[in-house]
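Notes for the structure review
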Amino acid sequence: MNIAKDTVVTIHFTVASSDGTQIDSSKNGEPMVFLQGSHFLIQGLEDELDGKTTGDKFVVDIAPNLAYGERHDELVQAVPKSMFEEMDVNPGMTFRATTDDGEQSVMILEVNEEDVIVDGNHPLAGMTLNFDVEVLDVREATEEEIAHGHPHTEDGSGHTH
Ligand SMILES: [Zn+2]
């Protein structure tokens, strides 16, 4: 069958930045299983998978607006060091912060005398991503999976009811 909304899809994928640097790959581990149409994947990849079937392979470049969005300079902010209390903060560290937009991953860019410069942009924001994808399996989702918005794998990994 072909990939469409409310199918459960298994893929192997490798994703790289436009300069060829590998960011992530499923190939050294378990393939990725997801419910198509649940926005588990970035929009550009869901769009590209639509209509594909088991055995299909493709390579695609996905622009930021269909991936993790553009970078927003206003999300780079100086936070008083005192807000980190006893925490040992270093550039490159990431942490979860509660913001007006909900929980967000924030990365520390710089630490100086009084301030910590943090970046609330998604680490992949502003990047065109190159995906190399192989479709391993496509099946219809069960009603329960559709209701939950995610697949239930045979071994139930990562999910209990
Ligand atoms: Zn569930």
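Residues numbered from 1 in each chain as written. Predicted model: local features only at pLDDT ≥ 70, side-chain atom pairs only at ≥ 80, totals over all residues. Heavy atoms only, no water.

A closer look at the overall build of the protein
Note the cut-off: Under the scheme used here, helices are H or I runs from DSSP no shorter than 4 residues and strands are E runs no shorter than 2 residues, and both carry numbers assigned from the N terminus. Radius of gyration: over C-alpha atoms. The globule rule applied is 2.2 Å multiplied by the number of residues raised to the 0.38 power. A 1.4 Å probe rolled over the protein chains alone gives each residue an accessible area, and that area as a share of the maximum for its type sets the label: buried under 20%, exposed over 50%, partly exposed in between.
In terms of helices and strands, the protein carries two helices and nine strands. Helices (α) and strands (β) of the protein occur, in sequence order from the N terminus, as β-β-β-α-β-β-β-β-β-β-α. Taking 2.2 N^0.38 as the reference for a compact globule, 161 residues should give roughly 15 Å; the C-alpha atoms of the protein span a radius of gyration of 19 Å, well beyond that estimate. Taking the principal axes of its C-alpha atoms as reference, the protein extends roughly 60 × 40 × 30 Å. The buried share of the protein, reckoned over its 161 residues, is 34%.

Points about the domain arrangement of the protein
For the record, the criterion: An automatic or database domain assignment supplies the residue ranges for each domain.
What the domain assignment reports for the protein is domain 1 (7-68 + 125-148) and domain 2 (73-119). For domain 1 versus domain 2, the distance between C-alpha centres works out to 31 Å.

Here's the deal with the sheet that holds strand S8 (residues 115-119)
What counts here: At least two bridges found by DSSP between two strands is the condition for calling them paired. Note on definitions: angles span 0 to 180 degrees between N-to-C directions of axes, and those axes are lines fitted to C-alpha atoms, for helices only across the stretch in contact.
Taken in spatial order, the four strands make up an open sheet running S5-S8-S7-S6, and their pairing is antiparallel. Edge positions in the sheet fall to strand S5 (76-80) and strand S6 (94-99), since each of these pairs with one other strand and no more. Taking each pair of neighbouring strands and ignoring which way they run, the sheet shows an average axis angle of 45°.

Overview of the pairing of S8
Burial within S8 is extensive, with four of its five residues counted as buried. Relative to S8, S5 runs antiparallel, the two sharing five bridges. Considered in S8, the bridge of glutamine 77 is made with valine 118. Where strand S7 (residues 102-111) meets S8, four bridges bridge the pair, whose relative direction is antiparallel. Of the residues in S8, the one forming a bridge with methionine 107 is aspartate 119.

Section: the nonpolar core
Operational definition: Grouping buried Ala, Val, Leu, Ile, Met, Phe, Trp, Tyr and Cys residues that are joined through side-chain atoms within 4.5 Å yields what is termed a nonpolar core.
Residues Ile11, Leu45, Leu49, Phe131 and Val133 are the most contacted members of the largest nonpolar core, which totals 21 residues. At the level of elements, strand S1 (7-17), strand S3 (32-35), helix H1 (43-49), strand S4 (57-62) and strand S9 (129-140) are the ones that each hand at least two residues to this core. Core analysis: the second largest hydrophobic core is formed by eight residues, Ala97, Val106, Ile108 and Val116 among them.

Quick look at the pattern of salt bridges
Oppositely charged side chains may form a pair once their charged atoms are brought near each other. Note the threshold: When a carboxyl oxygen of Asp or Glu lies within 4 Å of a side-chain nitrogen of Lys or Arg, that pair is called a salt bridge.
Per the counting criterion, the structure on display carries four salt bridges. Close ionic contact of lysine 5 with aspartate 6 constitutes a salt bridge, the shortest N to O distance being 3.9 Å. The exposure class assigned to lysine 5 is exposed, which follows from its relative accessible area of 57%. Put simply, aspartate 119 and arginine 71 hold a salt bridge, and the shortest N to O gap is 2.9 Å. Separated by 48 residues along the polypeptide, aspartate 119 in strand S8 and arginine 71 in the loop between S4 and S5 bring together distant segments of the chain. Here aspartate 119 falls in the buried class, since its relative accessible area comes to 6%.

A closer look at unusual backbone geometry
With a phi angle near 70°, aspartate 6 is a residue other than glycine that sits in the positive phi range. Unlike most non-glycine residues, histidine 39 shows phi in positive territory, near 60°. Following the sequence through the fold, histidine 39 ends up in the loop between S3 and H1.

Some points on the environment of serine 26
We apply this condition: Two N or O atoms form a polar contact when they lie within 3.5 Å of each other; inside protein one atom must be a possible hydrogen donor and the other a possible acceptor, and for residues adjacent in sequence the pair counts only when both atoms belong to side chains.
Following the sequence through the fold, serine 26 ends up in the loop between strand S2 (22-25) and S3. As for serine 26 and lysine 57, which are separated by 31 residues in sequence, their C-alpha atoms are 14 Å apart. One polar contact links the side chain of serine 26 to the main-chain amide nitrogen of phenylalanine 13, over a distance of 2.8 Å.

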